[in-house]
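Survey of secondary and tertiary structure
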Amino acid sequence: MDILITGAGLSGLSTALSLRRANPSHRITILERSSHYRHSSKSLNPSPTSSSHEIGAAINVPPNISRFLCHPSPGRGWGLDPLKQKFVKSEGVLVVNPQTMEQVGEGLDHSRNEEMWEGGALWYAHRVDLHGGLLGLVLESNEKENGEKDAGTNGEWVEGDEEGKGVNGKSKGRKGWVRIEGGKEVIAYNPSTLSLTLSTGHTLTADLIIAADGVHSRAPEYVLGHPNQPRMLPDPKLNTCYRFLIPTAEIASDPETKFFLDSDKMEAKVCRLWPDVKGRKRLIAYRCRGGEIINFVVMLRDEINTAKREDWHAPVSKSEVLSKLSDFHPDILAVINKATDLKRWPLLYRPPIPTWHKDRLVLVGDAAHPMLPHHGQGAAQAIEDGLALGLCLGDLSSISAPEELEHRLNLYEKIRRNRASAIQVMSNAGFDEEAPAELEGYLKEEGWVGGVPKHMKEIVEFEYGPDVVERTVRVMKEEVDAGWEVPRGFFPGFERQ
């Protein structure tokens, strides 16, 4: 199939990788707003600064995706090596009183995650490192499929058609591709004509259009018939987030802050949470980039600085952050004072939507289910989307019946929409807050019999436990072909270094 994907972020790349692995004949073009990509007909070529341009700081890679994304075994893993990408493996969560600095309770043990979650660990990663790892897998998928020269074309590639006849009667070279075209901003979609419009006024068509262009995507408006407007969560829900990174060496070199890196290195292996429930704020910290950087997140309720649109680039003064946390222990404030580049964005909520596709326009990632960051599941759910959609469409082509494509898109929603919607609702509250009551309906649809999760352990079980690969295989066997199997080569694994 000729497929257009809008957005080369985590959801766009994971969808492209899954489609490519499931069917090398798919011709996939990713339209990226940023100009930090260039391409040719032979390969996908990110510019040297493309990965560093990816928005965000650190990010969770939880067991529900690491069990297939980072598993080394062929037949089980997509092939992303977490150590090569400088991910940091979590051994748990520690809860600390922000005023006294004393540990509260036993926290959460992640040291046995791989045993408990069928090979899935919880990793902490810089967003750029995760993005770069996925981009590398996409590049590798092109190289593996196109690794031999076509003898009939003087060493040049021939992009063959899906029936294997080649172009102008020449022998077939590669059947499909993934390529990224930078500087392509999409401003409108037309599901009925299978087209989209760029900011230049040009119109592009395809057999399928996949909107992976994030929380500000225009695609939901065309799927639903109206915008899915962001909303401010009611008091006392947290509505503001500050994020910043501090090099570990900066903290270690100062006698006033080196306490933060305790001698037994336990802090290097866990996420630490300083919740102030009465004050409606919390601080979170964990390492990424091989331990070289510590990621800090502050979430709080702010009734003064209210915004109606997300902006991940808005700077904030250090003095504002320190003033908001002025009743925290002075030692913590001394650490925060090391920050030099602080960002602020509003935590706005969009509710789950009743459908993710219309005609041949389909949503993935934040375009389908934008999530607040309380549970660290936004990227994971986007990657689950990509894996499921690619497998659902693996054996289709441009000559497949429209009814069959519609059937597969419905199966994709059957696999993904309710689970993602449940986590979308669950993510409106932190682990230390009561889960929203509306969650119960989604949980029943998922077959969750325990009611609304009441503590961190139950939440983790719901989020980490389900296996998107198993669910996809089951649905495809039930709804398409009892003999359906994951395509050969879809999970190549990798060699441990």
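Each remark here, short or long, concerns the structure printed above.
Below is a short write-up of the structure. Per chain, residue numbering runs from 1 following the sequence as it is written. Restriction of local features to residues with pLDDT of at least 70 applies here, the model being predicted, together with a cutoff of 80 or more for giving and counting side-chain atom pairs; totals for whole chains, interfaces and linings are based on all residues. Hydrogens and water are ignored here; the side-chain numbers use all heavy atoms of the structure.

Moving on to the overall build of the chain. Secondary structure elements follow DSSP: runs of H or I no shorter than four residues count as helices, runs of E no shorter than two count as strands, and numbering proceeds from the N terminus. Scanning the chain for helices and strands turns up 13 helices and 23 strands. For the chain, the proportion of its 497 residues judged to be buried stands at 56%. Any two residues whose heavy atoms approach within 4.5 Å at even a single point are treated as in contact. Taking the intrachain contacts of the chain between residues at least 6 apart in sequence as the baseline, contacts between residues at least 24 apart amount to 74%. Carbon and sulfur atoms form 49% of the exposed surface of the chain, whose accessible area is close to 21,100 Å². We call a residue buried when its accessible area falls under 20% of the maximum for its residue type, exposed when it is over 50%, and partly exposed in between, using a 1.4 Å probe and counting protein chains only. Each accessible area is a Shrake-Rupley result for a 1.4 Å probe, and residues are judged covered by the shown protein chains and nothing else.

Below, the discussion takes up the sheet that holds strand S22 (residues 357–358). Taken in spatial order, the 6 strands of this open sheet run S10-S2-S1-S14-S23-S22, and their pairing is mixed. The sheet is open, and its two borders are formed by strand S10 (177–181) and S22, each paired with just one other strand. Pairing between strands is defined by DSSP: at least two bridges between them are needed. Strand direction decides the pairing type here: strand S2 (residues 27–31) and S10, joined by 5 bridges, are parallel. Counterpart to Arg27 in the pairing with S10 is Trp177.

Below, the discussion takes up the pairing of strand S1 (residues 2–6). The buried count for S1 comes to 4 of 5 residues, which makes it a mostly enclosed element. Here 5 bridges tie S1 to S2, and the two strands are oriented parallel to one another. Residue pairing for S2: Thr6 is matched across the bridge by Leu31. Assignment of crossover handedness uses the view with strands pointing away from the viewer, where a clockwise path from the first strand over the helix to the second indicates a right-handed crossover. Handedness of the β-α-β unit built from S1, helix H1 (residues 10–22) and S2 comes out right-handed.

In these notes, a set of buried Ala, Val, Leu, Ile, Met, Phe, Trp, Tyr and Cys residues joined through side-chain atoms within 4.5 Å is what counts as a nonpolar core. Residues Phe68 and Leu69 are the most contacted members of the largest nonpolar core, which totals 113 residues. Among the elements that take part in this core, helix H10 (residues 402–426) stands out by supplying 10 residues, more than any other. The contacts of Leu69, once residues within four sequence positions are left out, are Val61, Trp78, Gly79, Leu80, Leu130, Leu134 and Ile383. Counting residues in hydrophobic clusters, the runner-up holds 24 residues, among them Ile246, Leu283, Val298 and Val321.

In this section: the pattern of salt bridges. Any carboxyl oxygen of Asp or Glu within 4 Å of a side-chain nitrogen of Lys or Arg constitutes a salt bridge here. Under the criterion given, the structure shown has 21 salt bridges. Here Glu115 and Arg112 are joined by a salt bridge, their closest N and O atoms 3.1 Å apart. By relative accessible area, Glu115 is classed as exposed at 59%. Two residues, Arg408 and Asp395, come together in a salt bridge whose shortest N-O distance is 2.6 Å. With Arg408 in helix H10 and Asp395 in the loop between helix H9 (378–392) and H10, this pair connects stretches of sequence that are 13 residues apart. Look at Arg408 and you get buried, because its relative accessible area is 3%. Residues joined in a network through salt bridges with shared partners are Asp302, Glu320, Lys324 and Arg344.

This part is about H1. For a helix, the expected span equals 1.5 Å multiplied by the residue count minus one. With 13 residues, H1 extends 18 Å between its outermost C-alpha atoms, agreeing within 8% with the 18 Å of an ideal straight helix rising 1.5 Å per residue. With 13 of 13 residues buried, H1 is to be regarded as a mostly interior element.

It is worth spelling out the packing of aromatic side chains at this point. Only centres within 6.5 Å qualify two rings of Phe, Tyr or Trp (six-membered ring in Trp) as a pair; their planes then separate them into stacked at under 30 degrees, edge-to-face at over 60, and tilted for everything else. A complete count under the given rule lists 13 aromatic pairs for this structure. With a centroid separation of 6.1 Å and 85° between ring planes, the pair formed by Phe259 and Phe260 is classed as edge-to-face. Among the residues examined, Phe260 registers a relative accessible area of 1% and is labelled buried. Within the aromatic cluster, the residues linked to one another by ring pairs are Phe244, Phe259, Phe260, Trp274 and Phe296. Ring-over charges, as used throughout, are those where CZ of Arg or NZ of Lys falls within 6 Å of the ring centre and within 35 degrees of the ring normal. Above the face of the Phe260 ring, Arg272 is positioned so that its terminal group lies 3.9 Å from the ring centre.

Right, let's get into the pairing of strand S7 (residues 92–95). Burial of S7 is two-sided: the residues Gly92 and Leu94 facing one way and the residues Val93 and Val95 facing the other way are all buried. Pairing geometry for S7 and strand S17 (residues 270–276), over 4 bridges, is parallel. By the bridge assignment for S17, Val93 is matched with Cys271.

Below, the discussion takes up the packing of H9 against helix H13 (residues 468–479). All axes are obtained by fitting lines to C-alpha atoms, using only the stretch in contact for helices, and the reported angles, taken between N-to-C directions, cover 0 to 180 degrees. Close contact between H9 and H13 brings their axes to 10 Å; oriented N to C, the two are set at 25°. Here H9 lies roughly parallel to H13, going by the angle between them. Where H9 crosses over H13, the two elements pack in a sense that is right-handed. Where H9 approaches H13, its residues Glu384, Leu387, Ala388, Leu391 and Cys392 are matched on the opposing element by Val468, Val469, Thr472 and Met476. Note on residue categories: nonpolar means Ala, Val, Leu, Ile, Met, Phe, Trp, Tyr, Cys or Pro, charged means Asp, Glu, Lys or Arg, and polar means any other residue, Gly included. A class-by-class count of the residues in the contact of H9 with H13 yields 7 nonpolar, 1 polar and 1 charged. When an angle is under 35 degrees it counts as roughly parallel; over 145 it counts as roughly antiparallel; between 65 and 115 it counts as roughly perpendicular; any other value is oblique. Crossing chirality is assigned from the near helix's rotation relative to the far helix, an anticlockwise turn below a right angle marking it left-handed and a clockwise turn marking it right-handed.

What follows deals with the sheet that holds strand S13 (residues 203–205). Strand order in the open sheet made by the 3 strands is S11-S12-S13, with antiparallel pairing throughout. Of all strands in the sheet, those bounded by a partner on one side alone are strand S11 (186–190) and S13. Neighbour-to-neighbour, the strand axes of the sheet open up by a mean angle of 25°, direction not taken into account. When S11 meets strand S12 (residues 195–198), the two strands line up antiparallel, connected through 4 bridges. Within S12, the residue paired with Val186 across the bridge is Leu198.

Looking at where Val452 falls in the secondary structure, it is placed in the loop between helix H11 (439–445) and helix H12 (456–464). Judged by relative accessible area, which is 17%, Val452 ranks as buried. Taking the C-alpha atoms as reference points, Val452 and Leu439, 13 residues apart in sequence, are found 6.7 Å from one another. Setting aside residues no more than four positions away along its own chain, Val452 makes contact with Ala435, Pro436, Ala437, Leu439, Glu440, Leu443 and Glu458.

As a further point, take unusual backbone geometry. The phi dihedral of Met101 is positive, around 70°, even though this residue is not glycine. Within the fold, Met101 resides in the loop between S7 and strand S8 (108–109). Despite not being glycine, Glu118 shows a phi value in the positive range, around 55°. Here Glu118 lies in the loop between helix H3 (113–116) and strand S9 (123–126).

Turning next to the side chain of Gln424. With respect to the helices, strands and loops of the structure, Gln424 is situated in helix H10. The exposure class of Gln424 is buried, given its relative accessible area of 1%. Two N or O atoms form a polar contact when they lie within 3.5 Å of each other; inside protein one atom must be a possible hydrogen donor and the other a possible acceptor, and for residues adjacent in sequence the pair counts only when both atoms belong to side chains. Within the structure, the side chain of Gln424 is placed 3.3 Å from the backbone oxygen of Pro370, a separation counted as a polar contact. The residues contacting Gln424, other than those within four sequence positions of it, are Tyr349, Arg350, Pro351, Pro352, His369, Pro370 and Met371.

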